[in-house]
Amino acid sequence: MSAPRLDYHALAPKAARAGAQFSHAAGSTLDKRLRELVNLRISQINGCAFCIDMHWADLVKQGVGPRHIKARA
(Lines give C-alpha, C1' and ligand atoms only; values in the text may rest on other atoms or scores of the structure.)
Protein backbone atom coordinates (compact mmCIF):
# COMPACT_ATOMS: atom_id res chain seq x y z
CA MET A 1 0.00 0.00 0.00
CA SER A 2 1.34 3.43 -0.89
CA ALA A 3 1.79 6.30 1.53
CA PRO A 4 -0.86 9.02 1.53
CA ARG A 5 -0.20 12.06 -0.65
CA LEU A 6 1.35 15.06 1.05
CA ASP A 7 -0.77 18.10 1.83
CA TYR A 8 1.51 20.73 0.31
CA HIS A 9 -0.78 23.57 1.40
CA ALA A 10 -0.42 22.52 5.05
CA LEU A 11 3.30 21.68 4.89
CA ALA A 12 4.52 24.60 2.78
CA PRO A 13 1.73 27.16 2.44
CA LYS A 14 3.85 29.90 0.82
CA ALA A 15 5.31 27.58 -1.80
CA ALA A 16 1.93 25.98 -2.52
CA ARG A 17 0.32 29.40 -2.88
CA ALA A 18 3.12 30.55 -5.22
CA GLY A 19 2.70 27.42 -7.34
CA ALA A 20 -1.04 27.98 -7.59
CA GLN A 21 -0.52 31.64 -8.51
CA PHE A 22 1.99 30.67 -11.21
CA SER A 23 -0.40 28.09 -12.60
CA HIS A 24 -3.24 30.62 -12.70
CA ALA A 25 -1.09 33.38 -14.26
CA ALA A 26 0.51 31.07 -16.81
CA GLY A 27 -2.80 29.49 -17.73
CA SER A 28 -3.68 32.22 -20.19
CA THR A 29 -0.22 33.32 -21.29
CA LEU A 30 1.79 30.14 -21.90
CA ASP A 31 1.28 27.79 -24.79
CA LYS A 32 -0.59 24.68 -23.58
CA ARG A 33 2.34 22.39 -24.44
CA LEU A 34 4.86 24.54 -22.59
CA ARG A 35 2.52 24.86 -19.60
CA GLU A 36 2.19 21.08 -19.38
CA LEU A 37 5.97 20.62 -19.70
CA VAL A 38 6.46 23.07 -16.81
CA ASN A 39 3.79 21.31 -14.75
CA LEU A 40 5.39 17.94 -15.49
CA ARG A 41 8.78 19.19 -14.33
CA ILE A 42 7.30 20.65 -11.15
CA SER A 43 5.60 17.31 -10.49
CA GLN A 44 8.90 15.48 -11.03
CA ILE A 45 10.66 17.79 -8.58
CA ASN A 46 7.87 17.29 -6.03
CA GLY A 47 7.86 13.53 -6.59
CA CYS A 48 4.10 13.37 -7.16
CA ALA A 49 3.53 10.21 -9.20
CA PHE A 50 -0.16 10.99 -9.73
CA CYS A 51 0.64 14.45 -11.16
CA ILE A 52 3.52 13.13 -13.27
CA ASP A 53 1.19 10.57 -14.84
CA MET A 54 -1.53 13.16 -15.42
CA HIS A 55 0.76 15.70 -17.13
CA TRP A 56 2.61 12.98 -19.08
CA ALA A 57 -0.70 11.64 -20.42
CA ASP A 58 -1.82 15.13 -21.45
CA LEU A 59 1.44 15.74 -23.32
CA VAL A 60 1.10 12.40 -25.13
CA LYS A 61 -2.47 13.38 -26.15
CA GLN A 62 -1.01 16.60 -27.56
CA GLY A 63 1.34 14.54 -29.72
CA VAL A 64 4.55 15.23 -27.81
CA GLY A 65 6.93 12.30 -28.21
CA PRO A 66 8.35 10.37 -25.26
CA ARG A 67 11.92 11.44 -26.04
CA HIS A 68 10.93 15.07 -25.70
CA ILE A 69 8.91 14.46 -22.53
CA LYS A 70 11.79 12.59 -20.87
CA ALA A 71 14.36 15.31 -21.64
CA ARG A 72 15.31 17.34 -18.58
CA ALA A 73 17.45 20.42 -18.26
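The structure presented is a predicted model; accordingly, all values stated were derived computationally and were not measured.

Enquirer: Describe the overall build of the chain, with residues and values.
Expert: A tally of helices and strands in the chain yields 5 helices and 0 strands. Secondary structure of the chain in N-to-C order comes out as α-α-α-α-α. With 73 residues in all, the chain has 21% of them scored as buried. Within the chain, residue pairs in contact and separated by at least 24 positions form 38% of the contacts whose partners lie at least 6 positions apart. Here the chain has roughly 5,700 Å² of accessible surface; of this, 60% comes from carbon and sulfur atoms. In the chain, 11 side chains carry a positive charge and 5 a negative one; their mean positions are 6 Å apart.

Enquirer: Explain the confidence of the model for the chain to me, using residue names and the numbers behind them.
Expert: Looking at the chain as a whole, its pLDDT mean stands at 82, while 90% of the residues score no less than 70. At the level of individual helices and strands, the chain shows its lowest average pLDDT in helix H2 (residues 13–29), which scores 79, and its highest in helix H4 (residues 49–61), which scores 92.

Enquirer: If you had to explain the packing of helix H3 (residues 32–46) against H4 to someone new, which residues and values would you point to?
Expert: For any two helices packed against each other, one specifies the crossing angle of their axes together with the interaxial distance. Their axes nearest at 9 Å, the elements H3 and H4 cross at an angle of 155°. The angle between the axes of H3 and H4 places the two elements in the roughly antiparallel class. Once H3 is placed against H4, the crossing between them reads as left-handed. Packed against H3, whose contacting residues are Lys 32, Arg 33, Glu 36, Leu 37, Asn 39, Leu 40, Ser 43 and Gln 44, the element H4 presents Cys 51, Ile 52, His 55, Trp 56, Asp 58 and Leu 59 at the interface. When the residues that make up the contact of H3 with H4 are grouped by side-chain class, the tally is 6 nonpolar, 4 polar and 4 charged.

Enquirer: Hey, could you go over the side chain of His 55 for me, with residue numbers and the actual values?
Expert: With respect to the element layout, His 55 can be found in helix H4. The exposure class assigned to His 55 is buried, which follows from its relative accessible area of 10%. The residues contacting His 55, other than those within four sequence positions of it, are Glu 36, Asn 39, Leu 40 and Ser 43.

Enquirer: Can you explain a nonpolar patch on the surface? Please cite residues and give values.
Expert: Together, Leu 6, Tyr 8 and Leu 11 make up a nonpolar patch on the protein surface, roughly 320 Å² of accessible area in all. Following the sequence through the fold, Leu 6 ends up in the segment before helix H1 (8–11).

Analysis parameters
- Residues numbered from 1 in each chain as written.
- Predicted model: local features only at pLDDT ≥ 70, side-chain atom pairs only at ≥ 80, totals over all residues.
- Heavy atoms only, no water.
- Helix = DSSP H or I, 4+ residues; strand = E, 2+ residues; numbered from the N terminus.
- Buried < 20%, exposed > 50% of the residue type's maximum accessible area, 1.4 Å probe, protein only.
- Contact = heavy atoms within 4.5 Å.
- Areas by Shrake-Rupley, 256 points an atom, 1.4 Å probe, with all protein chains shown as cover.
- Lys, Arg positive; Asp, Glu negative; His and termini not counted.
- Charge placed at Lys NZ, Arg CZ, Asp CG, Glu CD.
- pLDDT = per-residue confidence, 0-100.
- Axes fitted to C-alpha atoms, helices over the stretch in contact; angles between N-to-C directions.
- Parallel < 35°, antiparallel > 145°, perpendicular 65-115°, else oblique.
- Left-handed = near helix turned anticlockwise from the far one by under 90°.
- Nonpolar A, V, L, I, M, F, W, Y, C, P; charged D, E, K, R; others polar.
- Patch = residues over 30% accessible without salt bridge, like charges linked within 9 Å, V, L, I, M, F, W, Y side chains within 5 Å.
- Salt bridge = Lys/Arg side-chain N within 4 Å of Asp/Glu carboxyl O.

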